[in-house]
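# A closer look at the structure
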Amino acid sequence: MIGGSPWRGGGRSRVTGAQAYVADLRFEDLLHVKLVTVDAARARIGRIDPARALAVPDVRLVMTPAELPDPMPRFGPQLRDRPVLAVGETAYHGEPVAAVAAETIDAAEEAAGLVHVDFEPLPAVTTIAAALDPSSPLVQDPALRPGDALAQTNVLREHRFGWGDLAAGEREAEVVVDGTWSFPMVTQFAIEPHAFVAAPDGDGIAVWSAIQHPYWLQRVLASMLELPLSKVRVFAPDPGGGFGGKQHAKYEPLVAFMALRLGRPVRLVLTLEETFQAVRRAAADVRVRSGFRRDGTIVFRDIEANYLVGAYADIADRVVAKGSYTSNGPYRTPAVRIVARSLLSNTVPSTAFRGFGNPQQIWAVESNMDEAARRLGIDPVELRLRNLARRGDAFLPGDLPADGVWADTVRAAARRIGWGSPLPAGRGRGLAVGLKEGPTTGLSYATVRLLADGSVVVHAGTSDMGQGARTIYAQIAAHELGAPVDWVTVVMGDTAVVPYDQQTSASRSSVLMGNAVLAACRQVQARLRTMAAALEGVDEADVVVDGGEVRLGDRRLEIADVLTRGLGRLGGELIGVGEMRKEAQPEHPLGGTAAFYEFNCTAVEVSVDIDTGDVTVERHVTVSDVGRVLHAGQVRGQDEGAAVMGLGHTLMEHYVWDEAGRIRNLGAIDYKIPTTMDLPRSMESEAIEHADGPGPYGAKGMSEGALLCVAPAVAAAVRDATGAVIRDLPLTPERVWRALQDRTPV
Amino acid sequence: MRPFRYERPDRLADAVALLGEGSARVLAGGTDLVIRLRDGSLRPEVVVDVKRIAEIDDGIHEVDDRIVIGARAVMTDIAAHPRIRADFPALAEAALVVGSVQIRNRATLAGNVCNASPAADTAPALLVYDAVVVATGPDGERRIPIDAFFVRSGVTTLGPGELVTAIELPLPTQPRGSVHQRRTRRRGHDLASVTLACAITPDGTTRLAYGSVGPRPVLATAAGHAGPVGEVLERMLAAAAPSPTSLRASPEYRLAMLRVHAERALDTARRRLAEQAAQ
Amino acid sequence: MSDPLRIEVRVNGRTRAFEVRPHHTLLDSLRDDLGLTGTKACCLVGECGACTVLLNGRSVDACLVLAVEADGGDVVTVEGLAVDGQLSALQAAFLETGAAQCGFCIPGQLMAAHALLATTPDPDRAGIEEGLAGNYCRCAGYEQIIEAVQLAARGTTGPSDAHPAADAHSARAAHPDAADRPDVADRPDAQVAPQ
């Protein structure tokens, strides 16, 4: 059961078309919403005239800022800075200034095009350099950040982390490797575009959203609408991919206000283009200086990272902080200084995206390690192994010590890629490692109901957005309570029915909610023990409930039989409630230590067409330390999926902006993601298991690891194949070709 | 999508009459048209679906000394057609890289030509094979050499009310090595940033056509022994003038890749010619 | 100027006569007029393949076909793959290899794979990559999707041995016994409109 590959929970409905995503739900009396935007990034908004739109038959409402409370309600997980609709000025290309509700989507679309908006484009801040330039316009009204000394700048926050004596490290260094690497803006591109429905629900409201954090959304809406939590019911049907882009509220407040105003259900389904204008990953420039002794020992690391976040904070500054805090990587480095800034800009608000700020840093630091290996004349694998933290090392002072035998992961990847063996001309190999902190706080509740026939219902507030949480919880319950896995139903996605879960992020759900489910199962087992002891007339201490069965000494009882006898004629069920807390630690720079680390090593072999710059990933090996595999197929799916997503930002993905701050490659025609034809010619993934994680049966979280270090591994391989050093992503054929033109003849 | 009137004439004459109405667009495969109807860049009052017109077929036929490709023939069928694969491989290869399978199951060669996109992958092949566009309009049928068909992006020499009914390819009268090559941002389907076709005959005559490096696809011809290969190629590629504002590739890269792909295409075409001679 | 038109289409084996607006696509019509929401909307420009259906036996992007163009035609959607509640070999193979992660692209993947196997019963890996290139999976379960197609093509239910990835995984994770196979129950949860 544990470690096997039962069919995915919810799998059958996913292959029959029965799985109902938000846009598939049917509502009586539904109104359709379309956003109204202007063709500018930053613009002064003048008069908004809805008259022509309101004249379109079947149009019921043109929502403008004038229709919303004054002052404009604002929201955001870090800063309450995002308005329900832009007021006064737009802050980025695609920010809605109004919204239309109509009986048909045709009418809503037509009317949205007829809302007249007077606007005057204003200079926009769209680059890191501009955001750092004191003469640039301010992206945010300083009044949104009262008492913040940085409010008069475009620096949202500056973070400083580190330890040790940097000056001593500088003195000790025999070789210093210094460079700046840039990481592009990319978008989550979930195949399910975000969809939102709101409907009056008695004296409260119900909202449906493809959201990763339904309970957080519930709090946001309750606060904005001044309703008790119990009157805000959030339904979170399984999202069609999240990748971080569906963590936090986006247009739910807007549709909620519209539904309450109209007294009817309203639905907004974004176009793919609108998702590009709703969510993205922060771009970053990262300068890394690393000092080494000649034997390869790292003696200091000095990192300065500037992340270009968007016009509103969303969760972006947390992304910057968490991504930067671990940016030294899994190495034992005596002196580290990290400065990281989140820079506001007139671009789409960046938010969480698989890897959460780490891929940007890892691209730079691991590429710096590759350069160091060359400068030092030490094999890149050897250099990493020499400095890698060993299990228990306090490599990140004040945080969780190294929680894995990470050298096993590196060696497995090196062995699989054939590190050190000869390669034909035009081929190259690269290897990199990636480390990411798991969740720093957490709170998950689960209920487990063992029904009278031995089948099980689990309630868990995780959002199953593809990671397969349904399967994991069913496996745990099945294993603990002796039910066939297909006798377990996992109920999610309804804040009125399912107990609280903090959030679905940071690869936490197998560990934190998994432990809550396990704890609930243990409670049920305790009740079974009491029941069995009473039935058999023995002491409770003589009854063991474990691995799905009840044992009294040598006797084994079927759980279903114990239930039938114990529950008696009235039937009933045994209910367990599980709770898993990871408390905050206010003195910690991130508010808490890591629950676990995700550690991955990626090794690739590439070929490069030196005439065209085409990079072909011939072999891709990804090895992750997962503690314990709970579901083999899903572990593989997460690792390979993360790897391919990493190849996207490594080889092809990036937003293109015009000078006015508008997105030029809005939509699928000119924003390319990997297809089946862009896969590595072979892909291998492996999970390292030492059962040393904090989750059920020793599991760690693992859904992001395989994305973390794809880019530096590929770039190192390109360098190995051609000698060309490239410090900007993506490695498009044109960029590689240019680097090949510029390379110094060997 | 803005509403429009939909017409599905059975007869060619009716289609011609409808197209003469002014704001009308032809619907064949729809793989470009529907995108542009949705994004609002086209706002016709009438959409004329030509797929039920008796005089226009979806077949590929050999007629006398030429292959006639009906205006409804889709890329999938063109790419798979044995005669096209044998005698017009550059066209088969180009048809095979137009979008995904789903796109190729709908997209027509005639539609690709009529859109007159500078990046149209089939255009260079049609140019090197001297294709003829057959069109019918208010004044009857007209046969337009493909090189005289393209004007610039989105513009052809079709007159008001004129409709393409077929595309013809003269059958080769001598052995010929030919090939299509292109450059995209990824291996999966993409719009070309360079697309070209090359054909070589035993007398050394080289025909090279290329697109996505200027406002319309260009055909260049060189006789055998016209000079050193490098110089000949330079002359043949001289008409390339890529857009400086495209986001798919810089002009510098396009020009460099045009050269690379042209050289590779020449090699392949020569090899294919030699293989034919050996048979 | 754009009055509704009455069309007749055979959809999943059943002839349906209904009215469509000329500017509505087959995707719109399947989802909104016929309630067949298994076919998904994503890019709407024929790049992602989430809306793939079979039209007269061929895979098409339903977002680029006007509904009225299907008049007189035959359409198969993902809802038409299972017969009497029995999954098709391809559907079962997708579950067997774990190809469905978030699942949003899966209807389109299944239809593209179905079309591929109809014309090429035993495709090689390159053929599968080409055949499915028009279907994005952002969870990028491509390897497991490809293996599912191989599995269905072979008509067996054993583990794949065609690709190193499968070896890598089978090497460390013993294949579960038959009791582990069934689907974890997936009743529609929490998707009822409030009263």
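Residues numbered from 1 in each chain as written. Chains lettered and ligands numbered in written order. Predicted model: local features only at pLDDT ≥ 70, side-chain atom pairs only at ≥ 80, totals over all residues.

### So, the interface of chain C and chain A
With 62 residues of chain C at the contact, the number on the chain A side is 80 residues. Mapped onto the side of chain C that touches chain A, the elements with two or more residues apiece are α2 (89-96), α3 (106-119), α4 (125-131), α5 (142-154) and α6 (164-172) of chain C. No other element matches α6(C), which puts five residues into the side of chain C that touches chain A. Split by residue class, the side of chain C that touches chain A holds 38 nonpolar, eleven polar and 13 charged. (Contact = placed C-beta atoms within 7 Å. Helix = DSSP H or I, 4+ residues; strand = E, 2+ residues; numbered from the N terminus. Nonpolar A, V, L, I, M, F, W, Y, C, P; charged D, E, K, R; others polar.)

### Considerations on the sheet that holds strand β4 (residues 60-63) of chain B
Strand pairing in a sheet takes place through backbone hydrogen bonds and is either antiparallel or parallel in direction. All names here are of chain B. Strand order in the open sheet formed by five strands is β4-β5-β10-β6-β7, and the pairing between neighbours is antiparallel. Of all strands in the sheet, those bounded by a partner on one side alone are β4 and β7 (140-145). Each strand axis lies, on average, 25 degrees off the axis of its neighbour in the sheet, ignoring direction. The sheet contact formed by strand β6 (residues 132-137) and strand β10 (residues 163-170) spans five bridges and is antiparallel. (Pairing = 2+ DSSP bridges. Axes fitted to C-alpha atoms, helices over the stretch in contact; angles between N-to-C directions.)

### Some words on the sheet that holds strand β4 (residues 58-61) of chain C
All names here are of chain C. Spatially, the five strands line up as an open sheet ordered β2-β1-β5-β3-β4, and their pairing is mixed. Bordering the open sheet on either side are β2 (14-20) and β4, each of which pairs with just one other strand. The sheet shows a mean angle of 40 degrees between the axes of neighbouring strands, taken without regard to direction. Alignment of strand β3 (residues 52-55) against β4, held across four bridges, turns out to be antiparallel. The partner of Leu55 across the bridge, within β4, is Arg58. Set on the sheet, α3 makes contact with β3 and β4; between it and β3 the angle comes to about 40 degrees.

### Regarding the packing of helix α16 (residues 632-651) of chain A against helix α18 (residues 710-722) of chain A
Residue and element names in this part refer to chain A. The interhelical angle for the contact between α16 and α18, taken along N-to-C directions, is 60 degrees, at an axis separation of 8 Å. In this view, α16 runs oblique relative to α18, as classed from their interaxial angle. Both α16 and α18 take part in a crossing whose hand is right-handed. Contacts between α16 and α18 involve Ala643, Gly646, Leu647, His649 and Thr650 on the former and, on the latter, Val710, Ala711 and Val714. For the contact of α16 with α18, a count of residues per class yields five nonpolar, three polar and no charged. (Parallel < 35°, antiparallel > 145°, perpendicular 65-115°, else oblique. Left-handed = near helix turned anticlockwise from the far one by under 90°.)

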